[in-house]
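Architecture and fold: a report
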Amino acid sequence: MKYTSLKGIQDILPPDIYIWQTIELKARELFGVYGFKEIRLPIIEYSDIFIRSIGETTDIVEKEMYAFADKSGRSITMRPEGTAPAVRCYVEHHLYNLPPPQKFFYSGPMFRYERPQRGRFRQFYQIGVEAFGISQPSIDAEIIVMLNNFLERIGLKGLNFELNCIGCEKCRPDYRDALMNFFKHKLLYFCPDCQRRYVSNPLRILDCKVEKCIELRRGSPVVTGYLCNECRSHFNELISILKALKIPYILTPDLVRGLDYYTKTAFEVTSEYLGAQKAVAAGGRYDRLVEDFGGPPTHAIGFAVGMERVVTLLKEVQSRKYPSPTLFIATIGREAELEGLRIAEDIRARGFWVEPNYGGVSLRSQLRKADRIGAEFAFIIGSDELRSGKIKWKELKNGKQGEVEIDNATKVLSNNIESPDP
Ligand code: HAM
């Protein structure tokens, strides 16, 4: 029997894993200086949490949830995203009693039963942030600036920051009416899903990916034409802060998000290199969700970065050097092998990556292996070396070589390269 991973679900292996680790490290460092603290959220939640927040008529809830009944018959879902679990956690632990803003970040796998294609997986990873308790647009600007800095720091430039304001519960009814008016005469030509959406949630028609629906909705009213005073002034203020901070953005009035919980600010960072799945990161405000989950009225905003898409872009724009061993210890004979292991332990304790010979192969093939794994140095220990108390060393990239007393072996490395922190 030959097993494979599930469709749309992939292993992440070296050397790619080094890119993942670098991104995660930089996120941790940067988000930390903006005051975002890590939270670890469960991978499974009660299904209701997602249905109520993301919205019953969204693609995610209608078609993409990995939901199952547990042994007691309760409906459980493998999280398709992190915002709803973060809000559940915020309310469950009464974090609204702490001084605002409360800022959190999380990372980990998300699950959506989507049709797999380039940049779209059924298990994918996000790094997300959520900030609770601030209504002012200055925090919208702060997280947009932070996302911009993060993407630049990991080496991504030339991305499009698409920005919109999608209104609130006050202005949405007017916009909904305008959309229904616009669609009513062409309804029969829309896909069956959109015909259903027309009744249940007409805004979702704007999110349909079917070619003919995209065509049919050309020229439809844009939400920014229907904003209430509060939403309009919030958006104008956000724009003026972004201008003052010289953060580039593209006003995108037809940007709607695929999740129902958003209010006011919505944004997506996109790249043309990614093809159809072009959003690298996305987010927005969700000022009603905490209350919907049983907490006090609490403003909130966040975003999530799609790790696979970021990694794809980084691999396209950067050539990189992956970590490799500092030292390979080639040994001939049992006694030399033991001495090699002792030296290896000594050098590893100083924080260097050492690969030993695991026995049984000729010196020639050991040195060939040292080259293949990209080791910087090789030590050679045989019976002559044990007798004389001196081992041979070789710097593999330039062929430089010499001899050093066994007790001073680590000096070869410290004289030639900077010591890493153990
Ligand atoms: P989202 O737009 O559904 O938003 O996902 C955010 C990012 O996750 C996308 O821009 C994309 O990079 C990545 N992503 C989504 N689906 C897939 C997939 N099937 N395969 C690969 N990558 C994918 C959210 O999830 C919101 N929770 C973001 C947020 C946080 N809003 C406020 N706070």
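Up top is the structure these notes are about.
Residues numbered from 1 in each chain as written. Predicted model: local features only at pLDDT ≥ 70, side-chain atom pairs only at ≥ 80, totals over all residues. Heavy atoms only, no water.

**A look at the overall build of the protein**
The number of helices and strands found in the protein is 15 helices and 16 strands. In terms of overall dimensions, the protein is more spread out than a globule: its C-alpha atoms have a radius of gyration of 28 Å, far above the 22 Å expected for 422 residues. With the C-alpha coordinates aligned to their principal axes, the bounding extent of the protein is approximately 95 × 55 × 45 Å. Taking all 422 residues of the protein together, 49% fall into the buried category. Long-range contacts, defined here as pairs at least 24 residues apart, represent 70% of the contacts in the protein between residues at least 6 apart. Split by element, the accessible area of the protein, about 21,500 Å² in all, is 52% carbon and sulfur. When the 59 positive and 54 negative side-chain charges of the protein are each reduced to one mean point, those points stand 3 Å apart. (Helix = DSSP H or I, 4+ residues; strand = E, 2+ residues; numbered from the N terminus. Rg over C-alpha atoms; globule rule 2.2 N^0.38 Å. Buried < 20%, exposed > 50% of the residue type's maximum accessible area, 1.4 Å probe, protein only. Contact = heavy atoms within 4.5 Å. Areas by Shrake-Rupley, 256 points an atom, 1.4 Å probe, with all protein chains shown as cover. Lys, Arg positive; Asp, Glu negative; His and termini not counted. Charge placed at Lys NZ, Arg CZ, Asp CG, Glu CD.)

**What about the site of the ligand?**
Around the ligand, a shell composed of 26 residues is seen, among which Glu81, Thr83, Glu114, Arg257 and Tyr262 lie nearest. In the model, an oxygen atom of the ligand is placed 2.8 Å from a nitrogen or oxygen of the arginine 112 side chain. The contact in question runs from an oxygen atom of the ligand to an N or O atom on the backbone of valine 280, over 3.2 Å. Starting from 660 Å² of accessible surface for the ligand in isolation, the protein chains cover 96%. Of all elements in the fold, only β6 (123-132), β10 (279-285) and β11 (300-306) reach the threshold of two or more residues within the shell around the ligand. Tallied by class, residues from the shell around the ligand come to 12 nonpolar, seven polar and seven charged. (Near = heavy atom within 4 Å. Polar contact = N/O pair within 3.5 Å; in protein donor to acceptor, adjacent residues only side chain to side chain. Nonpolar A, V, L, I, M, F, W, Y, C, P; charged D, E, K, R; others polar.)

**Quick notes on the packing of aromatic side chains**
Summed over all chains, the structure comprises 17 aromatic pairs. Measuring from centroid to centroid gives 6.1 Å for tyrosine 90 and tyrosine 96, while their planes differ by 70°, and the two rings are edge-to-face. For tyrosine 90, a relative accessible area of 3% gives the class buried. Here a set of aromatic residues connected by ring pairs shows up, and it is made of Tyr90, Tyr96, Phe104, Phe132, Tyr261, Tyr262 and Tyr286. A cation over an aromatic ring shows up here: arginine 122 above the ring of tyrosine 113, its NZ or CZ 3.8 Å from the ring centre. (Phe/Tyr/Trp six-rings, centres within 6.5 Å; stacked < 30°, edge-to-face > 60°. Lys NZ or Arg CZ within 6 Å of the ring centre and 35° of its normal.)

**Re the nonpolar core**
Ile23, Phe31, Phe36, Leu147, Phe150 and Phe303 are the most contacted members of the largest nonpolar core, which has 99 residues in total. Residue contributions to this core peak at nine residues, all from helix α5 (residues 137-153). Those residues in contact with phenylalanine 303 that sit more than four places away from it in its chain are Phe31, Ile127, Gly128, Val129, Ile143, Met146, Leu147, Phe267, Ala282 and Gly283. Formed by 18 residues, the second largest nonpolar core is a distinct cluster that contains Ile347, Trp393, Val404 and Ala409. (Core = buried A, V, L, I, M, F, W, Y, C linked by side-chain atoms within 4.5 Å.)

**A closer look at the packing of α5 against helix α9 (residues 229-244)**
Running from N to C, α5 and α9 point in directions that differ by 45°, and their axes come no closer than 9 Å. What the angle tells us is that α5 and α9 run oblique. For α5 against α9, the interelement crossing comes out right-handed. Side by side, α5 and α9 meet where Pro137, Ser138, Asp140, Ala141 and Ile144 of the first sit next to His234, Glu237, Leu238, Ile241 and Leu242 of the second. Residue composition of the contact of α5 with α9, grouped by class: six nonpolar, two polar and two charged. (Axes fitted to C-alpha atoms, helices over the stretch in contact; angles between N-to-C directions. Parallel < 35°, antiparallel > 145°, perpendicular 65-115°, else oblique. Left-handed = near helix turned anticlockwise from the far one by under 90°.)

**Details of the state of the cysteines**
Inspection of the entire model under this criterion finds zero disulfides. For the unlinked cysteine cysteine 194, the closest cysteine sulfur is that of cysteine 208, found at 3.6 Å. Residue class for cysteine 208 comes out buried when judged on its relative accessible area of 4%. (Disulfide = S-S within 2.5 Å.)

**What to know about a positive patch on the surface**
On the surface, Arg364, Arg368, Lys369 and Arg372 cluster together into a positively charged patch. Tracing the sequence through the fold places arginine 372 in helix α13 (residues 363-372). (Patch = residues over 30% accessible without salt bridge, like charges linked within 9 Å, V, L, I, M, F, W, Y side chains within 5 Å. Salt bridge = Lys/Arg side-chain N within 4 Å of Asp/Glu carboxyl O.)

**Let's talk about helix α11 (residues 307-317)**
Because each turn of an α-helix spans 3.6 residues, side chains separated by three or four positions in sequence point in the same direction. All buried positions along α11 are accounted for by Met307, Glu308, Arg309, Val310, Val311, Leu313 and Leu314. Each element contacted by the buried residues of α11 is listed here: α1 (16-33), β6, β10 and β11.

**Some remarks on the layout of surface pockets**
Considering only enclosed or pocket space, the second largest pocket measures out at about 470 Å³ in volume. Around the second largest pocket, the lining is made up of 22 residues, and of these Arg172, Leu203, Asp260, Tyr261 and Tyr262 lie nearest the centre. Elements represented by at least two residues in the lining of the second largest pocket include exactly α2 (47-54), α6 (172-183) and α10 (289-292). Per-element tally for the lining of the second largest pocket: the top contributor is α6, with three residues. Here the lining of the second largest pocket is built from residues that sort into nine nonpolar, four polar and nine charged. (1 Å grid on protein atoms, 1.4 Å probe; cavity = no way out; pocket = protein on both sides within 12 Å on 5 of 7 lines; lining within 4 Å. Points joined across faces, edges and corners; volume = space filled by probe spheres on them.)

Honestly, it's all geometry; don't read function into it.
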